[in-house]
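The residues making up each chain are set out below.
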Amino acid sequence: MILVVGRPRLGERGELEGNAARVALAAAQAGGRVELVGSVGDAAAGEAAALALGRAGVGHAALLRDPAAQTARQAGKERLPRLDANDLQLGLSYLADCRVLVLAESLEPAAQQVALEAADYHGAWLIMLHDGERELPTDLPAKATVLGVPQEDGGAFTQLVGRYAAALARGEPAERAWQDALAGSGWEEPAGATVRPSEE
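Residues numbered from 1 in each chain as written. Predicted model: local features only at pLDDT ≥ 70, side-chain atom pairs only at ≥ 80, totals over all residues. Heavy atoms only, no water.

So, the packing of helix 1 (residues 19–29) against helix 5 (residues 156–169)
What describes two packed helices is the angle between their axes and the distance between those same axes.
Then, number 1: The N-to-C vectors of helix 1 and helix 5 enclose an angle of 50°; their axes lie 7 Å apart at closest approach. Comparing their axes, helix 5 and helix 1 come out oblique. Pair helix 1 / helix 5 crosses with right-handed handedness. In this structure, helix 1 uses Asn19, Arg22, Val23, Ala26, Ala27 and Gln29 to contact helix 5, whose residues at the interface are Thr158, Gln159, Val161, Gly162 and Ala166. (Axes fitted to C-alpha atoms, helices over the stretch in contact; angles between N-to-C directions. Helix = DSSP H or I, 4+ residues; strand = E, 2+ residues; numbered from the N terminus. Parallel < 35°, antiparallel > 145°, perpendicular 65-115°, else oblique. Left-handed = near helix turned anticlockwise from the far one by under 90°. Contact = heavy atoms within 4.5 Å.)

Structure follows, in structure tokens:
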């Protein structure tokens with residue numbers, strides 16, 4: 001199973017947005033069994049996000065509700081739902097199987113550590129999307145890929161990540177999974193955007 005960690009958003013027309021939602025959708029479209037582990041606001045928009053994930057084939061059993069926040073409709077416009085270390089630990093405890101864990105957004109250090117420990121515990125591949133907001137951890141698992149998030153990609157970058165996660169979950173070797181995902185995503189890799197997949 002692929003676990004994608006992050007907080008989905010909704011676009012102006014009610015479509016799923018944000019790296020977490022887009023990666024989860026892309027991984028499901030590539031044939032992966034996917035669960036989104038994160039949080040939404042406890043309101044109509046949060047329910048709409050959960051329903052949209054379900055319709056797209058993405059599980060949301062570990063999608064927590066934060067009653068003090070709204071599900072963001074645009075990045076940076078509203079306070080994001082809480083997703084701290086305790087929330088993440090609770091969300092991950094619902095899911096016993098993990099072959100690939102995608103950390104789709106920058107989290108506080110304690111929550112990030114929970115994700116790293118979960119990947120290590122399961123012997124799972126870790127794919128970390130790094131936006132430069134926080135320093136990279138020094139204790140990444142051996143099976144880890146760190147990808148710099150481009151400013152704009154038109155959706156091709158999240159397609160790449162989803163396809164890569166699905167290929168790893170199927171057991172493909174990292175380098176072949178990476179090359180296949182690159183070829184199928186339409187993403188042209190800008191210089192300096194990617195730290196290559198580590199070898200098994």
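The discussion continues.
With respect to helix 6 (residues 174–185)
Then, number 1: A rise of 1.5 Å per residue sets the reference length of helix 6, with its 12 residues, at 16 Å; its end C-alpha atoms lie 16 Å apart and thus fit the reference within 8%.
Then, number 2: Every buried residue of helix 6 is accounted for by Ala174, Ala177, Trp178, Ala181, Leu182 and Ser185. Looking straight down helix 6, one finds that the buried residues subtend no more than 130° of arc, so they occupy a single side.
Then, number 3: Taken together, the buried residues of helix 6 touch strand 8 (125–130), strand 9 (144–148) and helix 5. (Expected span 1.5 Å × (residues − 1). Buried < 20%, exposed > 50% of the residue type's maximum accessible area, 1.4 Å probe, protein only. Arc of directions from axis to C-beta.)

With respect to helix 1
Then, number 1: The element helix 1 is extensively covered by neighbouring structure, given that 8 of its 11 residues are classed as buried.
Then, number 2: Residues of helix 1 that are buried: Ala20, Ala21, Val23, Ala24, Leu25, Ala26, Ala27 and Ala28.
Then, number 3: Once helix 1 ends, the next one or two residues include Gly31, with phi positive near 100°.

Concerning the nonpolar core
Then, number 1: Ile2, Val4, Val100, Val102, Ile127 and Tyr164 are the most contacted members of the largest nonpolar core, which has 44 residues in total.
Then, number 2: For this core, the secondary-structure elements that each account for two or more residues are strand 1 (2–5), helix 1, strand 4 (34–41), helix 2 (44–55), strand 7 (100–103), strand 8, helix 5 and helix 6.
Then, number 3: Per-element accounting of this core gives the leading share, 10 residues, to helix 5.
Then, number 4: Residues Leu101, Ala119, Ala124 and Ala144 belong to the second largest nonpolar core, which totals 25 residues. (Core = buried A, V, L, I, M, F, W, Y, C linked by side-chain atoms within 4.5 Å.)

Structural notes on the pairing of strand 8
Then, number 1: For strand 8, a buried count of 5 out of 6 residues is recorded, marking the element as mostly surrounded by other parts of the structure.
Then, number 2: Two elements, strand 7 and strand 8, share 4 bridges in a ladder whose sense is parallel. Within strand 8, the position partnered with Val102 by the bridge is Ile127.
Then, number 3: Following the chain from strand 7 across helix 4 (residues 109–122) to the adjacent parallel strand 8, one finds a crossover that is right-handed.
Then, number 4: Note that strand 8 and strand 9 share 5 bridges and pair parallel. Bridge pairing in strand 9 places His130 opposite Gly148. (Pairing = 2+ DSSP bridges. Right-handed = clockwise from strand over helix to strand, strands pointing away.)

Quick notes on the pattern of salt bridges
Then, number 1: Summed over all chains, the structure comprises 7 salt bridges.
Then, number 2: Among the ionic pairs, Asp84 bridges to Arg82, the shortest N-O distance being 3.6 Å.
Then, number 3: Assessed through its relative accessible area of 45%, Arg82 is described here as partly exposed. (Salt bridge = Lys/Arg side-chain N within 4 Å of Asp/Glu carboxyl O.)

A word on the side chain of Glu35
Then, number 1: For Glu35, the location among the structural elements is in strand 4.
Then, number 2: There is no salt bridge for the buried Glu35, and the closest opposite charge comes from Arg33, which lies 6.3 Å off by N-O distance.
Then, number 3: Reaching out from Glu35, the side chain makes a polar contact with the backbone nitrogen of Ala61 at a distance of 3.3 Å.
Then, number 4: When sequence neighbours within four positions are dropped, the list of residues in contact with Glu35 reads Met1, Ile2, Leu3, Val4, Gly59, His60, Ala61, Ala62 and Leu95. (Lys, Arg positive; Asp, Glu negative; His and termini not counted. Polar contact = N/O pair within 3.5 Å; in protein donor to acceptor, adjacent residues only side chain to side chain.)

None of the figures reported here should be taken as evidence of function without further support.
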